[in-house]
Amino acid sequence: MNTKPKSRARSVALLYLAATSLLAQVCSAVKREDFKTCEQSAFCNRHRVFADTMVKETQALGKSSSAPANSSPYSVLENSVRLDGHTLTASVQHGTDKVPLKFELSFLESGIVRVRAQEERPMKPRFDETQKYVLRDEGSALPYASPDSIRLVSEAANGLAIHTVNYVNGNSSFSVRMNERPWSLEYLVDGKPAIQLNTKGFFHFEHLRQKPADGELDDVAGGWEESFKSWTDSKPNGPESFGLDINFNGFEHVYGIPEHSSPLSLKDTRGGGKDAYDQPYRMYNLDVFEYELDNPMALYGSIPFMLAHSAEATVGVFWMNAAETWIDVAREKSSTFGSLFGRSGAGQRPTVNTHWVSESGVMDVFLLPGATAADVYRQYAELVEQTPLPRGFSLGYHQCRWNYIDQEDVLAVSAKLQEHQIPYDVIWLDIEHTDGKRYFTWDNTKFPDPVAMQEELARGGHRLVNVVDPHIKRDSEYRVWNEANDGGYFVKNKEGTENYQGWCWPGDSNW
């Protein structure tokens, strides 16, 4: 019996299935080339290079007992430390740049410590409006600690000045220790450092400066202009990013900084390893079609809040900055990455090192001491207020896809869900329900009676949501566009003279 034709047919079939599967994967994969990596983001790349340099310099210092903990070029200026009420201030300066930075450490009743930094005399004001939109009462009514409960102790150890702030609230006591040279900060819980700032020496603050004259060398790569694909981003203020290492001593796991499609316990992003990423977590709101699972790419939301948790304690960090931000994560128990972050040997408490980098604005960081997860979230709510209770229907199942064909299709889907006893509360309509992708309108051919459609849904206890996005189609015959244009409501271009114009689902759009 000749089996060759069958065998050949089977091989062809398997090859076809393999090719089809591969083609499906290729077709459905996210277009990575449309989204920046850290290497393609000038400020992120600069700070990663700076961190690598600091690691090498720290390692070169050796293990001499007289050597500083790291090689950070930033130090507190002599006699600049002051405690005024609930705030400790200090001037911190780079060893060669000589541009003093004003540091403010403010202490809240619950043990939260707020750390702010910017130039003492900036050439122009940095963006500092985030707190107006994030903090309760625009940041004007935070419950700061009573000055009577705060004590500052300054002393010298091995010739280096150390300043410790102790304060008490009820049965809780808190300690924050600041080293002058190099500058670093430690939040102590039960006498042990739990949150450490700049103990790896990665703090780097790009001060505002004059733009070099034509022909002069600019030593800040991508500081004034950078390109990605066909887009060029000009930066009239020049380089103004900043980065800081925030390290969680005594912890092995960190969580938070949504939204990413990564595991709950955040993975390492430097140092290799089979499970590590090769890119930092990116905080930059994006609509990513067919995003990948298990990837630190930015997605739809950005909340720069991180939680470190163990069986013994929980602490948190809220990095209050609205600019694009990248975050590296690394555990010192990883031998490869431990050496990169300056691991000093066995026997240490486990530590998760993180490196936060933002493109612009004021450095404004909140340290949340916990000591339980519930305490951390209570402290976070103390800053940003508690989330309002949502409407009951919003907690149920929402039926949504792109897109329902017409009014009949919507009602048919609703009827089928009820027929098969699948409970749902809301059905969504995407942009195709509109007239020519003009928001706040209806396609009268496909949806001839939207009121009757909603009444029919309501009889079954269901609600309708129709999507409305902030991009408005450029169309002089479109009432909404005309009103927004005449009222000057659209975002302007960098000169402030014309409406910013971009492309989205409707085509040419304004925002």
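Residues numbered from 1 in each chain as written. Predicted model: local features only at pLDDT ≥ 70, side-chain atom pairs only at ≥ 80, totals over all residues. Heavy atoms only, no water.

Within an unreviewed UniProt entry, the label attached to the chain reads Glucosidase II, and the organism entered is Kickxella alabastrina.

> Honestly, the overall build of the chain in this entry has me stumped. Any pointers?
Along the chain, the regular secondary structure elements total eight helices and 27 strands. A burial count over the chain gives 44% of its 511 residues as buried. Residue pairs in contact within the chain that sit at least 24 positions apart in sequence constitute 63% of those at least 6 positions apart. Here the chain has roughly 27,400 Å² of accessible surface; of this, 52% comes from carbon and sulfur atoms. (Helix = DSSP H or I, 4+ residues; strand = E, 2+ residues; numbered from the N terminus. Buried < 20%, exposed > 50% of the residue type's maximum accessible area, 1.4 Å probe, protein only. Contact = heavy atoms within 4.5 Å. Areas by Shrake-Rupley, 256 points an atom, 1.4 Å probe, with all protein chains shown as cover.)

> Help me understand the packing of aromatic side chains in this model?
Each pair of aromatic rings is reported with the distance of its centres and the angle of its planes. Within the structure shown, the criterion is met by 18 aromatic pairs. For the ring pair Phe205 and Phe242, a centre distance of 5.6 Å and an interplane angle of 15° mean the geometry is stacked. Of this pair, Phe205 sits in strand β11 (residues 204-205) while Phe242 is found in strand β14 (residues 242-249), placing the two residues 37 residues apart along the sequence. Note on Phe242: relative accessible area 0%, which makes it buried. Aromatic ring contacts, followed pair by pair, group Tyr74, Phe103, Trp183, Phe203, Phe205, Phe242, Trp319 and Trp356 into a single cluster. Note that Arg463 overlies the ring of Phe393, its terminal NZ or CZ placed 4.2 Å from the centroid. (Phe/Tyr/Trp six-rings, centres within 6.5 Å; stacked < 30°, edge-to-face > 60°. Lys NZ or Arg CZ within 6 Å of the ring centre and 35° of its normal.)

> Sorry, what's going on with the sheet that holds strand β26 (residues 501-504) here?
Backbone-to-backbone hydrogen bonds pair the strands of a sheet. The strands run either parallel or antiparallel. Within the open sheet, the three strands sit side by side as β25-β27-β26. Their pairing is antiparallel. Here the strands that pair on one side only, and so sit at the sheet edges, are β25 (472-473) and β26. In this sheet, strand β27 (residues 507-510) lies alongside β25 in antiparallel orientation, the contact comprising two bridges. Across the sheet, the residue bridging to Ile472 is Asn510, located in β27. (Pairing = 2+ DSSP bridges.)

> I'm lost on the sheet that holds strand β23 (residues 426-429) in this one. Help?
If you walk across this open sheet you meet the three strands as β22-β23-β24, and the pairing is parallel. Among the strands making up the open sheet, the edge pair consists of β22 (398-399) and β24 (463-466). Where β23 meets β24, four bridges bridge the pair, whose relative direction is parallel. Looking at the pairing, Trp428 lines up with Val465 of β24.

> Would you mind showing me how to read the confidence of the model for the chain here?
Interpreting fine coordinate detail is not advised for predicted regions of low pLDDT. Put simply, the chain has an average pLDDT of 89, and 89% of its residues get 70 or more. Confidence over residues 19-27 falls short of pLDDT 50; this stretch has one contact with residues more than four positions distant or in other chains. With pLDDT under 50 throughout, residues 334-346 is counted as low confidence; its partners more than four residues away or in other chains account for 28 contacts. (pLDDT = per-residue confidence, 0-100.)

> Before we go on, may I ask you to explain the nonpolar core in this structure?
Taken as a class, soluble globular proteins show a tendency for nonpolar side chains to be buried jointly. With 52 residues, the main nonpolar core has Trp183, Ile195, Ile246, Phe248, Met363 and Leu367 as its most contacted residues. Grouped together as the second largest cluster of nonpolar side chains are 13 residues, Ile112, Phe318, Val376 and Tyr380 included. (Core = buried A, V, L, I, M, F, W, Y, C linked by side-chain atoms within 4.5 Å.)

> What's the story with helix α2 (residues 42-60) in this structure? I'm lost.
Note that an α-helix has 3.6 residues per turn; residues three or four places apart therefore point the same way. End to end, α2 covers 27 Å across 19 residues, agreeing with the expected 27 Å (1.5 Å per residue, within 8%). Within α2, the full set of buried residues consists of Ala42, Phe43, Cys44, Arg46, His47, Arg48, Phe50, Ala51, Met54, Val55 and Thr58. (Expected span 1.5 Å × (residues − 1).)

> Teacher, can you tell me more about the pattern of salt bridges here?
Where charged atoms of side chains with opposite charge meet at close range, the side chains can pair. For the coordinates displayed, the defined rule picks out 30 salt bridges. Across the salt bridge formed by Glu226 and Lys235, the nearest N and O atoms sit 2.4 Å from each other. Taken as a pair, Glu226 and Lys235 share a single burial class, namely buried. (Salt bridge = Lys/Arg side-chain N within 4 Å of Asp/Glu carboxyl O.)

> Just to check I follow, could you spell out the environment of Arg177 for this structure?
Inspection of the secondary structure puts Arg177 in strand β8 (residues 172-179). Between the C-alpha atom of Arg177 and that of Val165, which follows or precedes it by 12 residues, the distance is 6.4 Å. Contact partners of Arg177, with chain neighbours within four places excluded, come to Ile162, His163, Thr164, Ser184, Leu185, Glu186, Leu188 and Pro193. For Arg177, the side chain forms a polar contact with the side chain of Glu186, separated by 2.7 Å. (Polar contact = N/O pair within 3.5 Å; in protein donor to acceptor, adjacent residues only side chain to side chain.)

> Would you mind going over the state of the cysteines with me for this structure?
Each disulfide consists of one covalent bond between the sulfur atoms belonging to two cysteines. The tally for this structure, following the rule as stated, stands at one disulfide. Through a disulfide, Cys38 is tied to Cys44; the S-S separation comes to 2.0 Å. Disulfide Cys38 to Cys44: torsion about the S-S bond roughly -100°, handedness left-handed. Classification of Cys38 by relative accessible area gives buried; the value is 0%. (Disulfide = S-S within 2.5 Å.)

> I'm lost on a nonpolar patch on the surface in this one. Help?
A cluster of nonpolar side chains, Tyr291, Leu293 and Tyr300, forms an exposed patch at the surface whose accessible area comes to about 350 Å². Considering the arrangement of structural elements, one finds Leu293 in the loop between β16 (281-283) and β17 (305-309). (Patch = residues over 30% accessible without salt bridge, like charges linked within 9 Å, V, L, I, M, F, W, Y side chains within 5 Å.)

> Help me out: how do you make sense of the packing of helix α6 (residues 407-419) against helix α7 (residues 450-459) in this one?
A pair of packed helices can be characterised by two numbers: the angle between their axes and the separation between those axes. Contact geometry of α6 with α7 gives a least axis separation of 11 Å together with a crossing angle of 0°. The orientation of α6 relative to α7 falls into the category roughly parallel. Residues Gln407, Val410, Leu411 and Ser414 of α6 form the contact with α7, whose participating residues are Pro450, Met453, Glu456 and Leu457. Class assignment for the residues of the contact of α6 with α7 results in five nonpolar, two polar and one charged. (Axes fitted to C-alpha atoms, helices over the stretch in contact; angles between N-to-C directions. Parallel < 35°, antiparallel > 145°, perpendicular 65-115°, else oblique. Nonpolar A, V, L, I, M, F, W, Y, C, P; charged D, E, K, R; others polar.)

> Sorry if this is basic, but what is going on with unusual backbone geometry here?
Excluding glycine, residues mostly carry a negative phi; peptide bonds, for their part, are mostly trans. Cis geometry marks the peptide bond from Arg181 to Pro182; its omega dihedral reads -5°. Within the secondary structure, Pro182 is located in the loop between β8 and β9 (184-189). Look at the link from Gly370 to Ala371: it is a cis peptide, with omega at 25°. With respect to the element layout, Ala371 can be found in the loop between β21 (363-368) and α5 (373-384). With a phi angle near 60°, Lys437 is a residue other than glycine that sits in the positive phi range. Structurally, Lys437 is set in the loop between β23 and α7. The partly exposed category is assigned to Lys437, whose relative accessible area is 25%.

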